[in-house]
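# Fold and contact review
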Amino acid sequence: MNWDDTTDTDTGVDAERLVGAVADREDQAVEAALRPKDLGEFIGQEKVREQLDLVLRAARARGATADHVLLSGAPGLGKTTLSMIIAAEMGAPIRITSGPAIQHAGDLAAILSSLQEGEVLFLDEIHRMSRPAEEMLYMAMEDFRVDVIVGKGPGATAIPLELPPFTLVGATTRAGLLPPPLRDRFGFTAHMEFYEPTELKRVVHRSANLLDVEIDPAGAAEIAGRSRGTPRIANRLLRRVRDYAQVKADGLINREIAHAALAVYEVDERGLDRLDRAVLEALLKLFGGGPVGLSTLAVAVGEERETVEEVAEPFLVREGLLARTPRGRVATPAAWAHLGLTAPRGAAGGTGQQDLFGT
């Protein structure tokens, strides 16, 4: 069971959703107890685990600090967990901070100058760090040295400050925003993929055991199938289904209990919630499947444009239920089928060749 916590909290719409991948305070408290302690316990991300294991074992054999590591991927896939495992595997302490917390180069200098030799510095949302701090980080990563500027104007003096060797673990949900000079200074880069249902089923079983929740394989599979490929969401759904099972049943989670519980929380078989379905229903019922502009669609569902674009659309596109086109948003045949509706003749997404060639 693996997911991020600590620094990728948010107070926006996604943090309030049961299927949102951003951690809230409850998630943080529970995840601290469920977090795997080493690579052997970490479920999923097979290639990343294998590659990272080689990097860490080689560093230990040399008696050196591990190379700097960049982890990219969606929230909730295990970036913070892996950073803590890296520190544990290297037998080193870990310091945790985030890009938005470092607004000035002095903030970063204060953190770097207090590091111990071999310590792991985890920098979440590294793409949101200020530019002056980012430029200071270049030298720190490459030469283990920073220049501290004393004074202002023509009389300013740069005082070089030697740093002990350390390992930086950077995490980002938007790797494309990182400037090439920063990306190039990481010795190992890994992209975290979404989980398969079979992997999430193992996550649910492991978490259920740690939470002392009784669950059968069918119940675990039902929760895993609605978890959007994200362990954090799987564990959040497990806790809500546990509550339902304790109140409405005898505490055992089977397929029927999981199905009934998630129906109460409006999470359907594909992991869509109220907001997702509202977007699809507006697109299909009001606009015939599109194309329709984002602003118009947002008004139709009573949400802000940014909420629809950044919160609802990414999963709908990934599931193949919605497409973004130059003319606007278009529903796919899978969207019509998922809502049990029949696409009108000539509707966008109904018969692809008709729409493409107008025949």
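Structure first, text after, so check above.
Quick summary incoming for the structure in this document. (Residues numbered from 1 in each chain as written. Predicted model: local features only at pLDDT ≥ 70, side-chain atom pairs only at ≥ 80, totals over all residues. Heavy atoms only, no water.)

Residues lying three or four places apart along an α-helix face the same way, a consequence of the helix completing one turn every 3.6 residues. Leu294, Leu297, Ala298 and Val301 are the residues of helix α13 (residues 294-301) that are buried. Viewed end-on, α13 has its buried residues packed into an arc of 100 degrees, placing them on one side of the element. Where α13 is buried, its residues contact α12 (274-286), α14 (305-318) and β9 (328-331). A positive phi of about 70 degrees marks Gly302, the residue just after α13. (Buried < 20%, exposed > 50% of the residue type's maximum accessible area, 1.4 Å probe, protein only. Helix = DSSP H or I, 4+ residues; strand = E, 2+ residues; numbered from the N terminus. Arc of directions from axis to C-beta. Contact = heavy atoms within 4.5 Å.)

Core analysis: the biggest nonpolar cluster contains 46 residues, and Leu52, Leu82, Ile215, Ile223, Val241 and Ile253 have the highest contact counts within it. No other element matches helix α10 (residues 231-248), which puts 7 residues into this core. With residues up to four places along the chain from it excluded, the contact list for Ile215 reads Val204, His205, Ala208, Ala220, Ile223, Leu238, Leu252 and Ile253. One finds Ala133, Phe166, Leu168 and Phe186 within the second-largest nonpolar core, a separate group that totals 25 residues. (Core = buried A, V, L, I, M, F, W, Y, C linked by side-chain atoms within 4.5 Å.)

Moving on, we come to the packing of helix α3 (residues 46-62) against helix α4 (residues 79-90). Across the interface, α3 lies against α4 with an axial gap of 10 Å and an inter-helix angle of 30 degrees. Taken together, the axes of α3 and α4 are roughly parallel relative to one another. Note that α3 runs across α4; the crossing there is right-handed. Counting all contacts with α3, which are made through Val48, Leu52, Leu56, Ala59 and Arg60, the residues of α4 involved are Leu82, Ile86, Glu89 and Met90. Its residues assigned to classes, the contact of α3 with α4 shows 7 nonpolar, no polar and 2 charged. (Axes fitted to C-alpha atoms, helices over the stretch in contact; angles between N-to-C directions. Parallel < 35°, antiparallel > 145°, perpendicular 65-115°, else oblique. Left-handed = near helix turned anticlockwise from the far one by under 90°. Nonpolar A, V, L, I, M, F, W, Y, C, P; charged D, E, K, R; others polar.)

What follows covers the packing of aromatic side chains. Each aromatic ring pair is specified by the distance between its two centres and by the angle formed by the two planes. Under the defined criterion, the tally for this structure stands at 1 aromatic pair. With 5.5 Å between their ring centres and 80 degrees between their planes, Phe144 and Phe166 make a pair best called edge-to-face. Within this pair, whereas Phe144 is found in the loop between α6 (131-143) and β4 (145-150), its partner Phe166 is found in the loop between β5 (157-162) and β6 (167-172), the two being separated by 22 residues in sequence. The ring of Phe315 is capped by Arg228, whose NZ or CZ atom sits 3.9 Å from the centre of that ring. The ring of Phe194 has Arg318 sitting right over it, with the charged end atom 3.5 Å from the ring centre. (Phe/Tyr/Trp six-rings, centres within 6.5 Å; stacked < 30°, edge-to-face > 60°. Lys NZ or Arg CZ within 6 Å of the ring centre and 35° of its normal.)

For the rest of this paragraph, the subject is the side chain of Asp276. Counting through the fold element by element, Asp276 comes out in helix α12. Looking at Asp276, the relative accessible area reads 0%, which means it is buried. Once residues within four sequence positions are removed from consideration, Asp276 is found in contact with Arg17, Arg228, Gly271, Ala312 and Leu316.

Take the pattern of salt bridges next. The final tally for this structure, using the stated rule, is 18 salt bridges. Arg95 serves as the salt-bridge partner of Glu119, at 3.3 Å between the closest nitrogen and oxygen. Residue Glu119 is located in the loop between α5 (105-113) and β3 (120-124), and its partner Arg95 is located in strand β2 (residues 94-98); the two are separated by 24 residues in the primary sequence. Using a relative accessible area of 3% as the deciding quantity, one classes Glu119 as buried. Here Arg95 falls in the partly exposed class, since its relative accessible area comes to 26%. Between Asp243 and Arg242 there is a salt bridge; the shortest N-O distance is 3.5 Å. Taken together, the salt bridges that share partners define one network made up of Glu222, Arg226 and Arg255. (Salt bridge = Lys/Arg side-chain N within 4 Å of Asp/Glu carboxyl O.)

Time to look at the environment of Gln116. Among the structural elements, Gln116 can be located in the loop between α5 and β3. In the structure, Gln116 is positioned 21 residues away from Arg95 in sequence and 9.9 Å away in space, judged by C-alpha atoms. With residues up to four places along the chain from it excluded, the contact list for Gln116 reads Pro93, Pro164 and Pro165.

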